[in-house]
2 protein chains.
Amino acid sequence: MSNSRHLGIAVAQMGPVHLNDSRAAVVKRLVEMLNEAASRGAKLVVFPELALTTFFPRYWMTEEEAVERFFERSMPNKDVQPLFDAAKARGVGFYLGYAELTPSGERFNTSILVDANANIIGKYRKIHLPGHSDHKVDAPFQHLEKKFFEVGDVGIPVFEAFDTRVGMCLCNDRRWPETWRVMSLQSAEVGVLGYNTPSVNIHWNEPVHLRMSTHLVSLQASAYQNAMWIAAAAKCGSEDGHHMIGGSVIVAPTGEIVARAISEDDEVIVTSADLSWVENFRNHVFNFAKHRRPEHYKIIVERTGAGEPLPIPKI
Amino acid sequence: MSNSRHLGIAVAQMGPVHLNDSRAAVVKRLVEMLNEAASRGAKLVVFPELALTTFFPRYWMTEEEAVERFFERSMPNKDVQPLFDAAKARGVGFYLGYAELTPSGERFNTSILVDANANIIGKYRKIHLPGHSDHKVDAPFQHLEKKFFEVGDVGIPVFEAFDTRVGMCLCNDRRWPETWRVMSLQSAEVGVLGYNTPSVNIHWNEPVHLRMSTHLVSLQASAYQNAMWIAAAAKCGSEDGHHMIGGSVIVAPTGEIVARAISEDDEVIVTSADLSWVENFRNHVFNFAKHRRPEHYKIIVERTGAGEPLPIPKI
């Protein structure tokens, strides 16, 4: 392809983080993967959602207990500083998800974008919080994101970084096509996300294999339909007996998976992403200015839930 | 699955229609496939886009020439009446795409929904017109939808029919996630479409295999993300030397392909679609009222083309 522009992107998938694992032990794993990614040519390393702790929304507890044990009051903090130091030493940036407690006491499911000088240059707070806020006493585990987190208050920002434009999201956000469209309308060329996806759906008897297939097909279609590179990092395997899917991938604007993790453990995958493919697709089939028809999309922002059909025009 | 509600859906894929094929000969093929579909339990038969003629936007000609040869002035008309008669005789409905000339002289790429009594109960006019309007003299063929058709003026309506709710679209519409979201926000449970997709992209050197993979991944993700059944009918094979992809499919709300045509010729595929899967997904992961965040989607209707990143909130 002419005029190719390459960015080395790594996804650092994580195996389980158990309740008793210390932040220091987790960060040591992250540093090891960052070093491997740097050695393999990555300039941007994508870590999972809530990467520093176990996926604690599965446990019923008070908000105070959750904050005490699982939230970060500042970033970087002492425990996470070694990751920032390693990034600076290797000259690579990263995406990291963690539970954020703000100075005013708000709680968000957050990700940050950190540049090759270890400066935090972007922050995202998850808007599509799955699960519930009540105690489902008969469920095998909980999914309490709606209890522990507030809906993100910063929209879906896109950041100028790594000589490209990067959008961030988290986990369930990836299943909502609006997420990616909001990024591509801001000319994002790369979308990054982390996720923790339980293998069992506690809400209904969903066939287990769909957890993987719907994850992959969502990322593939969104990469294609928005002409973006997408890099997605799982925390996976069995955390204290609670299993989550792996399937970390890097997807090209063709919708094709160009790198995929095969384990349910710590594993680094890397690609050299040619950003000129973004331009190609955006100049042709996905030339938004030429082809989109927002006058016919209004219901997307006028309704939240599904409702009755709109009046049928007389023709 | 409890409370299952089944609808027999057929896709009637068509092999090529050549320039010299008469409407009557084409309609005879459609009737044969409708009869087969009815015999195999279908209540709704999906035919392709521009099903009555060759895919004429590939040829440079004047609008007047195109109208004279390829557009329908009324529906049903004499040539197409046998299809309506067969539908009534068998008690099945259908979706059909054709080039529509209105009494006031407007030209649309149109589809109709016809019920089991052979009444036209719905009409859609394509909004995402691909291609160009100028004469690309160096291209191996043209893609003149922007010359021959006006942008549809009826939005994306959803119709109460077949004991369910049905949305229609056409060809390129399927690659735009907004199309399906507008349907699902109106509680459509079934989405139907026809397409003519050239195997070669005349705009850039797109690898040919992507024409099939991007078609399939778009339908699979949209079925899943909108919790809909989607039935898609190709006109395919080589029309006077111009090859188009097949790959007609019926996709479940799981994102899985449950029926697929394997030829590039006339071929009927049928499924018994359990509509209760729609409800399942809409009650849980895709409970729009609970999880969507339209306050963060505004750019989707405020912008047509992609632009600069929105201002980054200070946090």
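Residues numbered from 1 in each chain as written. Chains lettered and ligands numbered in written order. Predicted model: local features only at pLDDT ≥ 70, side-chain atom pairs only at ≥ 80, totals over all residues. Heavy atoms only, no water.

Labelled according to an unreviewed UniProt entry, chain A appears under the name N-carbamoyl-D-amino-acid hydrolase, originating from Bordetella genomosp. 4.

Let's talk about the interface of chain A and chain B
Opposite the 75 residues of chain A that make contact, chain B presents 76 residues. Between chain A and chain B, the buried area comes to about 7000 Å², and carbon and sulfur atoms account for 67% of it. Ranking the residues of chain A by area buried against chain B places W176(A), W204(A) and H296(A) at the top, with a combined share of 10%. Taken together, the links from chain A to chain B amount to six salt bridges. In this structure, R165(B) and E308(A) form a salt bridge, with 2.8 Å as the shortest nitrogen-oxygen distance. (Contact = heavy atoms within 4.5 Å. Buried area = accessible area lost by both parts, 1.4 Å probe. Salt bridge = Lys/Arg side-chain N within 4 Å of Asp/Glu carboxyl O.)

Describing the side chain of R181(B)
Summarising the element assignment, R181(B) is placed in helix α5 (residues 177–184). In this structure R181(B) comes out as buried when scored by relative accessible area, which is 1%. Side chain to side chain, R181(B) and E178(A) meet in a polar contact 2.7 Å long. Within polar-contact distance, the side chain of R181(B) engages the backbone oxygen of Q225(B) at 3.0 Å. In this structure R181(B) touches W176(A), P177(A), E178(A), I300(A), Q225(B), N226(B), F288(B) and R292(B), once residues within four positions along its chain are discounted. (Helix = DSSP H or I, 4+ residues; strand = E, 2+ residues; numbered from the N terminus. Buried < 20%, exposed > 50% of the residue type's maximum accessible area, 1.4 Å probe, protein only. Polar contact = N/O pair within 3.5 Å; in protein donor to acceptor, adjacent residues only side chain to side chain.)

Some points on unusual backbone geometry
Residue P76(A) is bonded to the preceding M75(A) through a cis peptide linkage, with omega at -5°. With respect to the secondary-structure elements, P76(A) resides in the loop between α2 (63–70) and α3 (81–90). In this structure, L50(B) is a non-glycine residue whose phi angle is positive, near 40°. Mapped onto the secondary structure, L50(B) falls in the loop between β2 (44–46) and α2 (63–70). Residue classification places L50(B) among the buried positions, given a relative accessible area of 1%. Phi is positive for A227(B), which is not a glycine, with a value near 50°. Looking at the element boundaries, A227(B) is found in the loop between α6 (209–225) and β9 (229–234).

Description of the relation of the copies chain A and chain B
Superposing chain A onto chain B takes a rotation of 180° combined with a translation of 0.0 Å along the rotation axis, leaving an RMSD of 0.0 Å. Such a turn and shift between the copies fits a two-fold axis. Counting the interface residues of chain A, we find that 100% of their copies in chain B are interface residues as well, pointing to one common contact surface. (Least-squares fit on C-alpha atoms with pLDDT ≥ 70 in both.)

Comments concerning the nonpolar core
Counting residues in each nonpolar core, the largest one holds 124 residues, and the members touching the most others are L113(A), V192(A), L113(B) and V192(B). Filtering out sequence-adjacent residues up to four positions away, L113(A) remains in contact with L44(A), F94(A), Y95(A), N119(A), I120(A), I121(A), G122(A), F159(A), A161(A), F162(A), V166(A) and M168(A). Core analysis: the second largest hydrophobic core is formed by 32 residues, A10(B), V27(B), L52(B) and A86(B) among them. (Core = buried A, V, L, I, M, F, W, Y, C linked by side-chain atoms within 4.5 Å.)

Here we look at the pattern of salt bridges
Residues and elements named next belong to chain B. A full pass over the atoms with the stated rule returns 41 salt bridges over all chains. In this structure, the salt-bridge partner of R23 is E72, at a minimum N-O distance of 2.7 Å. Here R23 is found in helix α1 (residues 23–39), whereas its partner E72 is found in the loop between α2 and α3 (81–90), with 49 residues between them in sequence. Given a relative accessible area of 16%, R23 falls into the buried group. Here E100 makes a salt bridge to R125, at a shortest N to O gap of 2.9 Å. Remark: R125 occurs in strand β5 (residues 120–125) and E100 occurs in strand β3 (residues 93–101); sequence separation between them is 25 residues. The same class applies to E100 as to R125, namely buried.

So, the sheet that holds strand β14 (residues 267–274) of chain A
All names here are of chain A. Spatially, six strands are ordered β5-β4-β3-β2-β1-β14 in an open sheet, and the strand pairing comes out mixed. At either margin of the open sheet sits one strand with a lone partner, and together these are β5 (120–125) and β14. Averaged over all adjacent pairs, the angle separating strand axes in this sheet is 25°, with direction ignored. The pairing of strand β2 (residues 44–46) with strand β3 (residues 93–101) spans three bridges and is classified as parallel. Bridge pairing in β3 links V46 to Y95. On the sheet, α3 packs against β3, β4 (107–114) and β5 and is oriented at approximately 165° with respect to β3. (Pairing = 2+ DSSP bridges. Axes fitted to C-alpha atoms, helices over the stretch in contact; angles between N-to-C directions.)

Quick look at the sheet that holds strand β13 (residues 257–260) of chain B
Residues and elements named next belong to chain B. Spatially, β6-β7-β8-β9-β12-β13 is the arrangement adopted by the six strands of the open sheet, whose pairing is mixed. This sheet does not close on itself; its edge strands, each paired only once, are β6 (158–161) and β13. The average angle at which neighbouring strand axes cross in this sheet is 20°, direction not considered. As defined by bridge partners, strand β8 (residues 190–195) adjoins β9 across six bridges and the pair is classed as parallel. Counterpart to L193 in the pairing with β9 is A232.

Some words on the packing of aromatic side chains
In the structure shown here, the tally under the stated rule is 28 aromatic pairs over all chains. For the pair F71(B) and F149(B), a centre-to-centre distance of 5.6 Å together with 40° between the ring planes defines the contact as tilted. Residue F71(B) is located in the loop between α2 and α3, and its partner F149(B) is located in the loop between α4 (145–148) and β6; the two are separated by 78 residues in the primary sequence. Accessibility classification places F71(B) together with F149(B) in one group, the buried group. Cluster of aromatic residues (ring-pair linked, three or more members): W176(A), W204(A), Y224(B), W277(B), F281(B), F286(B) and F288(B). Positioned above the aromatic ring of Y195(A), the side-chain terminus of R174(A) is 4.5 Å from the ring centre. One cation-aromatic arrangement involves R292(B) over F288(B); the distance from NZ or CZ to the ring centre is 5.7 Å. (Phe/Tyr/Trp six-rings, centres within 6.5 Å; stacked < 30°, edge-to-face > 60°. Lys NZ or Arg CZ within 6 Å of the ring centre and 35° of its normal.)

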